[in-house]
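# Architecture and fold: a report
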Amino acid sequence: MFKFLRRHPPKESEGRESQKKELFGFRRLIEHGFPSKPSALAFDPKLKLLAIGTKSGALRVFGAPGAEWTGQHKEDVQVAQLFFLPEQGRLISLCSDNSLHLWEINNGKDGKSSSLDEVNQFSIENNKMKTVSACCLTTNYEQLLLGTEGGNILILDVKAFSLMDQIIYQDVVMQNVPDDFKVNPGAVESIAVHSKDPDKFLIGYNRGLIVLWDIKASNSEQTYNSTQQLESICWSRNGEEFMSAHADGSYIVWSSSDSTEPKEPALTPYGPFPCKSIGKIDWKTAKADPFIIFSGGMPRASYGDKHTVSIMQGSNHVVLDFTSKVIDFVTMTRANESDTEEDRAEYDEPHSLLVLVEEELVAIDLDSDKWPTYQLPYVNSLHSSAITCSQHVSNVPEQLWTKITDVGQSQMAAYSKRPWPITGGSTDSLESSSHDLLLTGHEDGTVRFWNASGSCLQFMYKLSTCSLFNVDVHTPDSNGEMEEEWPPFRKVGTFDPYSDDPRLGIQKIALCPLSEVLVVAGTAGQVITLQMEREEREQEIKPVTVNIVGDRDNFVWKGHEAVTPKEGDVKYPAGYQPTCMMQLYPPAACTALAFHSEWQLVGAGTAHGFGLLDYVQKKEVTNRCTLNPQDLTGTSDTTMSRRKSFKKSLRESFRRLRRRRSERRAKAKEDASKGDKNIEEKTSPEAGPSTAAAGEPPASPALSEPKPVERSVEFRSTEDSMASMVRCLYFADTFIVNGHSHNPSLWVGTNGGHVFVYNVTVPSGEKRNEDSVTCILAKEIKLRHHAPVISIGVVDGKSRILPESLEVQHERAKAPDMSSHHSVIICSEEQLKIFTLPQLKAKWKFKLTAVDGSRIRKVAFVNFRSRSDENYSENDIACLSNLGELSVYSVSTLRQQMQASAIRREDINGITSFIFTRYGQGFFLLTSSEYQRISLSARTQGEPTCTLELAEGMRPEPPPEPETEPEAGAEGGEEQQAKEGEGEATQGEQYDNEDISEALNETVDSMANTTVDAEITQDSVAIIDHTGDTSVTSNASETVVTEATTSETTTTITSNTTTEATTVIAQEVTQGGDAPEQNTSDDTKASQQKVEIEVVAKIEEIKISEKIVENKVDDDDPALEKQKNNAMQNGHDEEITAAS
């Protein structure tokens, strides 16, 4: 009995389940960073919204900082082009499968949130001739012109979101072309609507032919021919001229009224040598000289590999040089933002340029001198250099926050001083009560600080460790002076995929916000301690070398050398400045890092062991080599020693043979037992973790379920060279030697399941700078399965994790309970286990791998606060498994509190990059450039609460469909109409599906007989039942209704935009409940094909009756008169009654 109680924690109380709901709740919050693999860009000048589409089918719409909307296409498609319908909050996307999708930003019912919803779609036949190659919206935004690879132009009616009957065929266009130009012009390459006359537009064909087409007259007004392949065309604002860009890097100015020859000869800006094509060109007028902006056009031989956008205005000429491919660009003009039809501005007056490239978004200020770039408030290129590690810091003090902000502002002095030009939407997000930082370490040796307090991730400050070392650093200046050469290049953007030296990469980051100390560890064993300073200083940093392997003669290091530090005084700018550096030998990558700012100690581990440094006295305290004595070859890049590979391969071969033999035996037993029907199963699949903890042996493979209660976990080899890797370091003030006195301690966990516990003696007071810190090994723990130890935490007697250093002094945490016994939680990849201190007796454990086969990858001790009770909070263990599942366990009993699937198990980068925050949130890399933010806390609110206000009447009502006879295949279209009708009726005016079903049941099976012309068809009844429509709509409602058995019959005939009252239609039923008797004589069939239709209004007493009165139809209604005439012409003897 005592053994059972010892192995099973006490049961949770009944109220715990409701308490869990107040504490825990998984949800995805928001994505931070730059959309991966962008493919399209659009801008709404009226609402000032920016949209980016990606190759994965994702849509992200941005407004003012904090206003953001996300959408995803249901199909696996790439977004090819995007078009905003200005002032409507609507967006059209053209996808790679030749489909068009209509999106709307709709505000929620609460008025505080909104979403991006797909409301309509249309697919065009996807063959080579009909593949859309160019698009352009008309100036009234009512049609979308679609140029195809076959040379034809289709027209999409935006309101109906379907193709119009009118098609501009290439053959028709070529009929009006002079004989000299009558050759196959190729695909439609570009379309540009006339800036003054909405009925005219330019059609640019691939082989250089340009036609000015009048859509009203259906003929070509002018024909322009160039000898070079066409890439892009654009109008000037006055509509008298236009410009064409070509594949040879030239552009030509044409007069719209004279097609005989260009107004100006072809100009190749970067000739005379062969140049690459100009992908897109923009021509914007200003009170000064006009702007000509184009992408590409570089000299092919010397600069053909560059990605550029050129800006030319009079004598000013800049070539923006990007580090990744240009996708698209948009010129923002004041004219487009403020124009009305009555008052059109004379000039475009461009003020900003947005350039979307493959790896970042760059915004150029065209109003300021030298055209500087804007500082982005969102869509930052997080992966400007590849992210190698990250850390989240909660509740940063105001003093440190101000310092980081100030030094960050000084770094951004070269950016534009003008405010961010995209200001659409409004956000109700309140400012966070605490300052939160996200620190990202990068491959180029930099650490970037991000403001993670709100829904936007904003850049604050960049720290570079390169200045400590003798490394040739190439730093692209995003707003540097132009190089003295032709073309006049200027580096822009922050994305720099090239690392100057891979040894500079940051592997671990640790920041203490209270002492303002930052420690970073690198790839070559360098561990740098930095302190925040407001002024620049000049000082010399001498590294302290810690030799982990000692003087072992047979050790040979085959990896890279350590990075050479600079000698002499070095000037460091304001911000984080180095104070001390520890260089570990061998210079392997740092795998674990911990520091205690109160004791002023730093510990760092590698694959060979660990070293402890006193960064006040700048000297080594201790070190330990964790390598197996028989394996000292030091091959850090291989998983096992070459000298032992033959021995290991033999062992693995024998294991494999034994495994196969046991599998064959198990299979033979299973085959032999197939005839026995009364096999008793020895295990139950419903048994929980408690059964596993009780130590029951697993059932035999032949008799167990596919998922056994407790899996057989194979012991790991201790001879593997990777077992020596230090996985975690932890400082704690707790009871190590006895239960009466506590003292500082250092805990070291390795990859082989080995835990070293050190007693640390730290001099106090004035002696701290004089006396040495001592560190003595006190205890060791060896886990049975040798699973890697990935985290350690000490819990006091009140089940609280020991607070971080200096938190008690700054009154940020309660002092730990030192009057009762402590316990330590050791988290390995396979299980969580609690040991009592100082005896180190096992208390509770949870065997994760044995229960579900997963392994723990990330662990954190998290403080969860109740969302309803401000005073209640508790500490728990949050874990992420290799299957991408998040789970929470109680600190006191290790009972599982919640579990949720967060990341796909195939997403290795997402799992390895995951970090927990202190209060129950998490970040992981969704792609190389995006962080996904999640929450495990029910209290946390991190979603953006933004809305979009539209002017009244900006979204046009969908047009009613033409009156046609109902067909069997028209059900889908009518269903869409019914949905639109529902959206416009108020909630109180609509029926529920259950009400209609009830009414339909009363008519038994009387709907079986249907006709074509004058009857309610089965299809129309099915639509009413499915959609809960509130009337018989136009297609399904052109019917003749007769009064048969009821004295009062009400029929509502409306268009689909005003459908309100609900009717249920059924044929007349006889007293016996059967369908009406049918006269089967041919004469009767020919002359009197009479259908008696009873309209039963299923009403909710007052509401529907009032609606019926509002929608009643008089006898002289023109729609009814039309139906009477049609009925008489068709020879039907029918009677129409509309009574109220």
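What you see is a predicted model; the values in this text were computed from it and never measured.

### Looking at helix α2 (residues 16-23)
- Here α2 has its buried residues at Arg16, Lys20 and Leu23. The arc enclosing the buried residues of α2, seen along the axis, measures out at 65°, which places them on a common side.
- The elements touched by buried residues of α2 are β1 (24-33), β54 (856-865), β55 (873-881), β57 (896-901) and β60 (930-937).

### Digging into the pattern of salt bridges
- Evaluated as defined, the whole model comprises 33 salt bridges.
- Where arginine 867 meets glutamate 22, a salt bridge forms, and the shortest distance between an N and an O atom there is 3.4 Å. Here arginine 867, found in the loop between β54 and β55, pairs with glutamate 22, found in helix α2; they are 845 residues apart in sequence, far enough to count as distant.
- Residue classification places glutamate 22 among the partly exposed residues on the basis of a relative accessible area of 23%.
- Aspartate 365 is the salt-bridge partner of arginine 418, the closest N and O atoms lying 2.8 Å from each other. Pair noted here: arginine 418 is in the loop between α6 (398-411) and β30 (426-427) and aspartate 365 is in strand β28 (residues 360-365), with a separation of 53 residues, a long-range link.
- With a relative accessible area of 26%, arginine 418 lands in the partly exposed category.
- A single network of salt bridges, built from pairs that share partners, joins Arg334, Asp365, Asp367 and Arg418.

### Examining the packing of aromatic side chains
- Tallied over the entire structure, the rule returns 22 aromatic pairs.
- Between phenylalanine 449 and tyrosine 576, the ring centres sit 5.8 Å apart and the planes meet at 15°, which makes this aromatic pair stacked. Here the residue phenylalanine 449 occupies a position in strand β32 (residues 446-451), and tyrosine 576 occupies one in strand β41 (residues 575-585), the gap between them amounting to 127 residues.
- An aromatic cluster of three or more residues is present, and its members are Phe62, Tyr374, Tyr378 and Trp420.
- Against the face of phenylalanine 489 rests lysine 306, its NZ or CZ located 4.8 Å from the ring centre.

### Side note on a negative patch on the surface
- Together, Glu538, Glu540, Glu567 and Asp569 make up a region of like negative charge exposed at the surface.
- Following the sequence through the fold, glutamate 567 ends up in the loop between β39 (543-547) and β40 (570-572).
- For glutamate 567, a relative accessible area of 75% translates into the label exposed.

Thresholds, definitions, all that
- Residues numbered from 1 in each chain as written.
- Predicted model: local features only at pLDDT ≥ 70, side-chain atom pairs only at ≥ 80, totals over all residues.
- Heavy atoms only, no water.
- Buried < 20%, exposed > 50% of the residue type's maximum accessible area, 1.4 Å probe, protein only.
- Helix = DSSP H or I, 4+ residues; strand = E, 2+ residues; numbered from the N terminus.
- Arc of directions from axis to C-beta.
- Contact = heavy atoms within 4.5 Å.
- Salt bridge = Lys/Arg side-chain N within 4 Å of Asp/Glu carboxyl O.
- Phe/Tyr/Trp six-rings, centres within 6.5 Å; stacked < 30°, edge-to-face > 60°.
- Lys NZ or Arg CZ within 6 Å of the ring centre and 35° of its normal.
- Patch = residues over 30% accessible without salt bridge, like charges linked within 9 Å, V, L, I, M, F, W, Y side chains within 5 Å.
- Areas by Shrake-Rupley, 256 points an atom, 1.4 Å probe, with all protein chains shown as cover.
- Lys, Arg positive; Asp, Glu negative; His and termini not counted.
- Charge placed at Lys NZ, Arg CZ, Asp CG, Glu CD.

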